[in-house]
Amino acid sequence: MIHILQKLSSSRFIWLCLLLTGIALEGAGLYFQYTLRLDPCVNCVYERALYLSFIIAGLIGFINPIFIITRFLAILTFLSGSAGGVYIAYRHLKEYYSDNPFGQACSLKANFPDFLPLDEYLPWMFAPQGTCSPVDWELLSLSMPQWIFASFVTGTIVSLSFLICQFFKRKRRDYIDLYK
């Protein structure tokens, strides 16, 4: 199993899949916002920003997955974005299902770092326009925050698996197969 994960993490196809998954998830967010008119809350905006890490990691890994430094950089970008996404999505779920009689408690203003104010650079994508009020959208009886949480947990598991397998010695024939 370790050697299969090593081969996968060294494959351009896997990193292209991650890049396309990130683009699809960002596209889904924009579809929900502009077609279904579900205004994003501040947590949704943060989750969108963290989905950008999937795109960046996929691009880095696609460039040269054989080279250990680019592969590690791609894996660490994927892991940090996924782990951050788990944290934000968990907070989102907690606020979504809170029994606060005064409504949901999320902020109406995004708090991006000063060096990268995404809500100012790309307000059409990263400016929160809604509150964390319940959304009527469901798929297979799971709400949108639950699906987002599941996607980030999956990303964390996959990226951790890729990272851990890098520390095991590769079989000699794996090196030969990769360069054919």
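Calculation rules
- Residues numbered from 1 in each chain as written.
- Predicted model: local features only at pLDDT ≥ 70, side-chain atom pairs only at ≥ 80, totals over all residues.
- Heavy atoms only, no water.
- Helix = DSSP H or I, 4+ residues; strand = E, 2+ residues; numbered from the N terminus.
- Polar contact = N/O pair within 3.5 Å; in protein donor to acceptor, adjacent residues only side chain to side chain.
- Phe/Tyr/Trp six-rings, centres within 6.5 Å; stacked < 30°, edge-to-face > 60°.
- Buried < 20%, exposed > 50% of the residue type's maximum accessible area, 1.4 Å probe, protein only.
- Lys NZ or Arg CZ within 6 Å of the ring centre and 35° of its normal.

**A closer look at the side chain of S10**
Piece 1. Secondary-structure assignment places S10 in the loop between α1 (2-9) and α2 (12-34).
Piece 2. Engagement of the side chain of S10 in a polar contact is seen with the side chain of R71, the distance being 3.3 Å.

**Description of the packing of aromatic side chains**
Piece 1. Counted according to the given criterion, the structure contains nine aromatic pairs.
Piece 2. Here the aromatic rings of F54 and F78 are separated by 5.2 Å at their centres, their planes lie at 90 degrees, and the arrangement is edge-to-face. With F54 in helix α3 (residues 42-63) and F78 in helix α4 (residues 68-96), this pair connects stretches of sequence that are 24 residues apart.
Piece 3. Owing to a relative accessible area of 5%, F78 belongs among the buried residues under this scheme.
Piece 4. Among the aromatic residues, those joined into a cluster by ring pairs are Y51, F54, F78 and F152.
Piece 5. Here the guanidinium or amino end of R12 rests over the ring plane of F62, the centre of that ring lying 5.6 Å away.

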